[in-house]
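These are the residues of each chain, in order.
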Amino acid sequence: QVQLVESGGGLVQAGGSLRLSCAASGRTFSSYAMGWFRQAPGKEREFVAAITWSGTSAYYADSVKGRFTITRDNAKKTVYLQMNSLKPEDTAVYYCAADRESMATAQALYDYWGRGTQVTVSS
């Protein structure tokens, strides 16, 4: 069992930066691939980024590539999403998720989810 708690969201101006954190409980965090997803008002939840259990590989949605960076610290049981050059269209609730199999973009493959943190980017 893995419990996930996101933090770090808030209100930022366009062009600014935020770093989201996702703290995990459970002894097996280091064996899970981790992902970030987001859901904007009136839209379906979408994939943002994912990272392997070791942190050696990552994958990004085209919409955030070059602006967002996903990292993890297994000793701290935490995964991060550094978001730079934020745009109003990045406004959404951001969720982290854990996948016991492998890094994936499909939501259905993730086993555990946090409750989300709101990110609002003003123009």
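Residues numbered from 1 in each chain as written. Predicted model: local features only at pLDDT ≥ 70, side-chain atom pairs only at ≥ 80, totals over all residues. Heavy atoms only, no water.

## Quick look at the state of the cysteines
For the structure shown, the criterion picks out 1 disulfide. Note on cysteine connectivity: C22 is disulfide-linked to C96, with sulfurs 1.9 Å apart. Disulfide C22-C96: the torsion about the S-S bond is 45°, which places it as right-handed. Pair noted here: C22 is in strand β3 (residues 18–25) and C96 is in strand β9 (residues 92–99), with a separation of 74 residues, a long-range link. The class for C96 is buried, based on a relative accessible area of 0%. (Disulfide = S-S within 2.5 Å. Helix = DSSP H or I, 4+ residues; strand = E, 2+ residues; numbered from the N terminus. Buried < 20%, exposed > 50% of the residue type's maximum accessible area, 1.4 Å probe, protein only.)

## A few points about the sheet that holds strand β8 (residues 78–83)
Spatial ordering of the open sheet is given by β1-β3-β8-β7, a layout of 4 strands whose pairing is antiparallel. Lying at the two open borders of the sheet, with one neighbouring strand each, are β1 (3–7) and β7 (68–73). Ignoring strand direction, the axes of neighbouring strands in this sheet form an average angle of 15°. Bridging between β3 and β8 involves 6 bridges; their strand directions are antiparallel. Opposite L20, over in β8, you have L81 as the bridge partner. (Pairing = 2+ DSSP bridges. Axes fitted to C-alpha atoms, helices over the stretch in contact; angles between N-to-C directions.)

## Examining the side chain of S21
Within the secondary structure layout, S21 lies in strand β3. For S21, a relative accessible area of 15% gives the class buried. Beyond its immediate chain neighbours, meaning those up to four positions away, S21 contacts V5, E6, S7, W36, T78, V79 and Y80. (Contact = heavy atoms within 4.5 Å.)

## Observations concerning unusual backbone geometry
Across the chain, the bulk of peptide bonds are trans and the bulk of non-glycine residues have phi less than zero. The backbone of K77 sits at a positive phi, close to 55°, despite the residue not being glycine. Mapped onto the fold, K77 is located in the loop between β7 and β8. Positive phi, close to 50°, is recorded for S85, a residue that is not glycine. Along the chain, the position of S85 falls in the loop between β8 and β9. Residue classification places S85 among the partly exposed positions, given a relative accessible area of 41%.

## Here we look at the environment of Q82
Mapped onto the fold, Q82 is located in strand β8. A distance of 2.9 Å separates a polar atom in the side chain of Q82 from a polar atom in the side chain of N84. (Polar contact = N/O pair within 3.5 Å; in protein donor to acceptor, adjacent residues only side chain to side chain.)

## Brief notes about the packing of aromatic side chains
What the rule picks out here adds up to 6 aromatic pairs. Note on F37 and F47: the rings are 5.7 Å apart at their centroids and 75° apart in plane angle, and the pair reads as edge-to-face. Within this pair, whereas F37 is found in strand β4 (residues 33–39), its partner F47 is found in strand β5 (residues 46–51), the two being separated by 10 residues in sequence. By relative accessible area, which is 13% here, F47 ends up buried. Seen in terms of ring centroids, F37 and Y110 are 5.1 Å apart; in terms of plane orientation they differ by 85°. Their pairing is edge-to-face. (Phe/Tyr/Trp six-rings, centres within 6.5 Å; stacked < 30°, edge-to-face > 60°.)

## Description of the side chain of E6
Structurally, E6 is set in strand β1. For the buried E6, no salt bridge exists, and the shortest N-O distance to an oppositely charged side chain is 7.5 Å, to R45. At 2.9 Å, the side chain of E6 forms a polar contact with the backbone nitrogen of C96. Engagement of the side chain of E6 in a polar contact is seen with the backbone nitrogen of G116, the distance being 2.8 Å. Among residues more than four places away in sequence, those in contact with E6 are S21, C22, W36, Y94, Y95, C96, G114, R115, G116 and T117. (Lys, Arg positive; Asp, Glu negative; His and termini not counted. Salt bridge = Lys/Arg side-chain N within 4 Å of Asp/Glu carboxyl O.)

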